[in-house]
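Summary of the model geometry
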Amino acid sequence: MQGLMQDWQLTCDKIIAHAKTNHPQREIVSRQVDGSITRTNYGAVYDRARKLSSALQKRGIVFGDRIGTMAWNNARHLETWYGLIGIGAIYHTLNPRLFPQQLHYIVGHAQDRMIFVDLSFVPILEAHQAALPSVECFVVLCDRAQMPDTNLRHAVCYEDLIDEGDDDVVWGGFDENTACGLCYTSGTTGNPKGVLYSHRSNTLMSLTCTSGGAMNIRGMDTCLMVVPMFHANAWALSFAAPMAGMKLVMPGPMMDGKSIFELLDGEKCTVSAAVPTVWLMLLNYLEETGAKLPHLNRVIIGGSACPRAIMEKFDKDYGVQVIHAWGMTETSPIGTVSHIEPEIADLPYDEQLSYRLKQGRSPFVVEMKISDDDGKDLPRDGKAFGALKVRGPAISNGYFGGEGGNVLDDEGWFDTGDVASIDPLGYMQITDRSKDVIKSGGEWISSIDLENAAMGHPAAAECAVIGLPHPKWDERPLLIVVLKDGMSASAQDFTDYLADKIAKWWMPDDVVFVGEIPHGPTGKVSKLDLREQFKDYVLPTI
Ligand code: AMP
């Protein structure tokens, strides 16, 4: 027997339509490329996105077309997403930090017909447009007065394009499984692969994010959305915020500690989301200036492991709760969130912190498990660790164009490439990426745990650990450190510091100091580049 409920397709145009009806005045504040601040609201975003849809249709854009966006977080970028998805076209986010060959590859692979580009990135696309033949036209996200003198193919100013449109457009009315957004994963080997979100997966992920067990996105909050819209679906905030009616503050290109502080303070932000490096910069700025954060009550940290030092500092010095989350482009992206559950609510601070520092528990839409090399399930005992696998309605079941072949096992599980444990309370802890884990004497050393422990040293600005070949142990850890400006420390200082924080056999065989650690396009430490850089390095223990 079927239930007697309406067939109401979960398409994302309904999200901004809901915002227009229910909280049209809630603001979206954007820092522009020139540093100025502009304000709009969900009502205006809806109206302009519809005009954009109409203008796109007049220019021949149709259902299923892929359109690139190379832009910072700002209201025009948000309007562009909704203008595209309302008519069943697909936003394809382009990370401006991609290597040129990767950019050529993904635009060509996606067959993007247009690219919407922020002023900062016009020179990049001018330099590469010859290698992007599928792109018929470039739309520059700026006012008329700011329109640059550019040789971009059929360049048009965004505001002129909007003016070409009218209100005569039909949104939605298609199947909720229709493709909505495309985001390529950086992929350390081979070509990047396209993760193709559907309207349904984006809606379900956004509903999840508004729930207390995930990000608790609410109308009462104001969110500084630092996580870029070109990375991992902006942690679903572009959908969850209008769904909940949350005021959004978009930092544009300026993500240094001072600029982030100014927006947090000036706009009285209560919540924010970003990778650990952003928070390190902010905390350094706060320490230097003595500034406080009276409005901020929580920050969501993910993308890479949250070091203990960040969580403790936010807690103790600023009264800000850190919520640690894990996910990946393929998981839309929230996979787990670490909240204080009743079982740990009354634990002493340090004990509770050890749970909060884990990557967390899975919300309803994510099933997860760990398994060994033979694919056998491992227990949730907090000790066993193995391949982390996930399943759910907002998790990829393949890559765009069939790249990479079948990515699910017979039971529909997606192997994340992460190695993890899950404790009896359901808190998952990432040990490492499977290719970064250090295999020493038949046992595994977590590079992430070592990095986090080393980051607690007061002189450490950034730390990375890689495994180097060792004749006796197979691999041994090398700690690579960038020191804070004006501070000094020796290798011995670091090993002394680590002595009571890690197992003895985990102690790095050497510590080297560098001016800079290489990062990949999404801002994460590039272990691949580090391994290349140190491939001839001989450990002193050999
Ligand atoms: P991306 O698809 O670029 O967002 O990368 C996803 C990968 O980032 C995951 O598979 C993890 O290896 C890593 N990652 C994301 N969040 C965390 C976290 N909180 N702790 C440790 N690693 C993380």
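Residues numbered from 1 in each chain as written. Predicted model: local features only at pLDDT ≥ 70, side-chain atom pairs only at ≥ 80, totals over all residues. Heavy atoms only, no water.

**Examining the pairing of strand β13 (residues 298-301)**
Put simply, the rule is: Burial here depends on accessible area, computed with a 1.4 Å probe over protein chains only, as a share of the maximum for the residue type. Under 20% is buried, over 50% is exposed, and the range in between is partly exposed. Starting at the N terminus, helices and strands are each numbered in turn, a helix being any DSSP run of H or I of at least four residues and a strand any DSSP run of E of at least two. For two strands to be treated as a pair, DSSP must find no fewer than two bridges joining them. Classification remark: right-handed applies to a crossover when, strands pointing away from the viewer, the course from the first strand over the helix to the second runs clockwise.
Burial along β13 is two-sided: the residues Arg298 and Ile300 and Val299 and Ile301 are all buried. The pairing of strand β12 (residues 271-274) with β13 spans 4 bridges and is parallel. Bridging across to β13, Ala274 finds its partner in Ile301. Read from β12 through helix α10 (residues 276-289) to β13, the crossover connection turns out right-handed. Note that the unit made of β13, helix α11 (residues 308-318) and strand β14 (residues 321-327) has a crossover that is right-handed.

**Let's talk about the layout of surface pockets**
For clarity, the cut-off: Method remark: on a 1 Å grid restricted to protein atoms, a set of points is classed as a cavity if a 1.4 Å probe fits but cannot get out and as a pocket if it is open with protein on both sides within 12 Å along at least five of seven lines; lining residues have an atom within 4 Å of a point. Grid points are joined across faces, edges and corners, and a volume is the space filled by probe spheres set on the points. Following the grouping adopted for this structure description, the nonpolar residues are Ala, Val, Leu, Ile, Met, Phe, Trp, Tyr, Cys and Pro, the charged ones are Asp, Glu, Lys and Arg, and the polar ones are all others, Gly among them.
Of the voids in this model, the second largest pocket is the one considered here, and its volume is about 740 Å³. Among the elements of the structure, α10, α11, α13 (349-356), β19 (428-433) and α14 (447-455) are those that each provide at least two residues to the lining of the second largest pocket. Tallied by class, the residues present in the lining of the second largest pocket amount to 18 nonpolar, 8 polar and 8 charged.

**Notes on empty space enclosed by the protein**
Under the counting rule described, the total for this entry stands at 2 cavities of 30 Å³ or more. Of the pockets and cavities examined, the largest cavity occupies roughly 40 Å³. Every residue along the wall of the largest cavity is listed here: Gln32, Val33, Arg76, Asp118, Leu119, Leu141 and Gln146. Of the residues in the lining of the largest cavity, the class split is 3 nonpolar, 2 polar and 2 charged. Lining the second largest cavity, in full, are Leu264, Asp265, Cys269, Leu293, Pro294, His295 and Leu296. Looking at the lining of the second largest cavity residue by residue, the classes come out as 5 nonpolar, 1 polar and 1 charged.

**Some points on the site of the ligand**
Inclusion rule: The cutoff for a nearby residue is simple: one of its non-hydrogen atoms must lie within 4 Å of the molecule or strand. Residues adjacent in sequence count toward polar contacts only when both atoms are side-chain atoms; beyond that, a polar contact is any pair of N or O atoms within 3.5 Å, and within protein one must be able to donate a hydrogen and the other to accept it. Accessible areas in this description were obtained via Shrake-Rupley with a 1.4 Å probe; residue shielding takes into account the shown protein chains only.
Contacts to the ligand come from 14 residues, most closely from Ala325, Thr329, Asp418, Arg433 and Lys524. Gly303 has a polar backbone atom sitting 3.1 Å from a nitrogen atom of the ligand. Coverage of the ligand by the protein chains reaches 91% of its 490 Å² of free accessible surface. With 4 residues, the single largest contributor to the shell around the ligand is β14.

**Some thoughts on the nonpolar core**
Nonpolar side chains in soluble globular proteins tend to end up buried together. This is how the line gets drawn: In this text, buried Ala, Val, Leu, Ile, Met, Phe, Trp, Tyr and Cys residues form a nonpolar core when linked through side-chain atoms within 4.5 Å. It only takes one pair of heavy atoms within 4.5 Å for two residues to be counted as in contact.
In terms of nonpolar packing, the biggest core is built from 145 residues, with Leu248 and Phe314 touching the most fellow members. With residues up to four places along the chain from it excluded, the contact list for Leu248 reads Glu27, Ile28, Val29, Tyr42, Leu78, Cys223, Met225 and Ala241. In this structure, Leu450, Val465, Leu498 and Met507 belong to the second largest nonpolar core, which totals 19 residues.

**What to know about the sheet that holds strand β8 (residues 179-185)**
With mixed pairing, 7 strands are arranged side by side in an open sheet as β7-β6-β5-β3-β4-β8-β9. Each edge of the sheet is formed by a strand with only one pairing partner; in this case those strands are β7 (156-157) and β9 (193-198).

**Some details on the packing of aromatic side chains**
Given two aromatic rings, their pairing is described by the distance between the two centres and the angle made by the two planes. Put simply, the rule reads: Side-chain rings of Phe, Tyr and Trp (the six-membered ring for Trp) are treated as a pair once their centres are within 6.5 Å; stacked means planes under 30 degrees apart, edge-to-face means over 60, and tilted covers the remaining angles. Each ring is checked for a lysine NZ or an arginine CZ that lies within 6 Å of its centre and within 35 degrees of its normal; such an atom marks a charge sitting over the ring.
Counted according to the given criterion, the structure contains 16 aromatic pairs. Of the aromatic side chains, those joined through ring pairs into one cluster are Trp81, Tyr82, Tyr91 and Phe239. Its guanidinium or amino end placed over the ring of Trp171, Arg50 lies 5.3 Å from that ring's centre, counting from NZ or CZ. Taking NZ or CZ as reference, Lys501 lies 3.8 Å from the ring centre of Tyr497, over its face.

**Structural notes on helix α9 (residues 257-266)**
Every buried residue of α9 is accounted for by Gly257, Ser259, Ile260, Phe261, Leu263 and Leu264. Looking at the packing, one finds that the buried side of α9 touches β1 (27-31), β2 (37-41), β10 (222-225), β11 (247-250), β12 and α10. Trailing α9 by a residue or two, Lys268 shows a phi angle of about 50 degrees, which is positive.

**Details of the domain arrangement of the chain**
Quite often, the size of an interface is put as the accessible area lost when its parts meet. Test applied: Boundaries of every domain are those given by an automatic assignment or by a domain database. A simple way to read buried area is as the amount of 1.4 Å-probe accessible surface that goes missing from two parts once joined, with both sides added.
Entries for the chain in the domain assignment read domain 1 (13-26 + 40-207) and domain 2 (438-533). For domain 1 versus domain 2, the separation of C-alpha centres amounts to 40 Å. Listed per partner, the contact involves 6 residues of domain 1 and 4 residues of domain 2. Between domain 1 and domain 2, a total of about 440 Å² is buried, with carbon and sulfur atoms accounting for 63% of that surface. Across the domain 1-domain 2 interface, the total number found is 2 residue pairs in polar contact (both at pLDDT 80 or more). Across the side of domain 1 that touches domain 2, the residue classes break down as 1 nonpolar, 4 polar and 1 charged.

**Some words on the sheet that holds β11**
Our working definition: For helices, the axis comes from a line fit to the C-alpha atoms of the stretch in contact; other axes are also lines fit to C-alpha atoms, and the angle between any two N-to-C directions lies between 0 and 180 degrees.
Taking strand neighbours across the sheet as the criterion, the 8 strands line up as β2-β1-β11-β10-β12-β13-β14-β15 in an open arrangement whose pairing is mixed. This sheet does not close on itself; its edge strands, each paired only once, are β2 and β15 (334-338). Going across the sheet, the axis of each strand differs from the next one's by a mean of 20 degrees, ignoring polarity. Its contacts with the sheet place α11 against β13 and β14, and it is angled at close to 150 degrees to β14.

**A few points about the pattern of salt bridges**
Definition in use: What makes a salt bridge here is a side-chain nitrogen of Lys or Arg within 4 Å of a carboxyl oxygen of Asp or Glu, nothing more.
For the coordinates displayed, the defined rule picks out 37 salt bridges. Here Asp221 makes a salt bridge to Arg298, at a shortest N to O gap of 2.9 Å. Here Asp221, found in the loop between α7 (199-210) and β10, pairs with Arg298, found in strand β13; they are 77 residues apart in sequence, far enough to count as distant. Asp221 sits in the buried class, given a relative accessible area of 2%. The partner of Glu341 in a salt bridge is Arg361, and the shortest N-O contact between them spans 3.5 Å. One end of the pair, Glu341, is in the loop between β15 and α12 (342-345); the other, Arg361, is in the loop between α13 and β16 (367-371), and 20 residues separate them in sequence. Overall, Glu341 belongs to the partly exposed group, its relative accessible area being 21%. Given the relative accessible area of 29%, Arg361 is considered partly exposed. By sharing partners, the salt bridges in this structure join Arg48, Arg76, Glu79, Asp143 and Glu159 into a single network.

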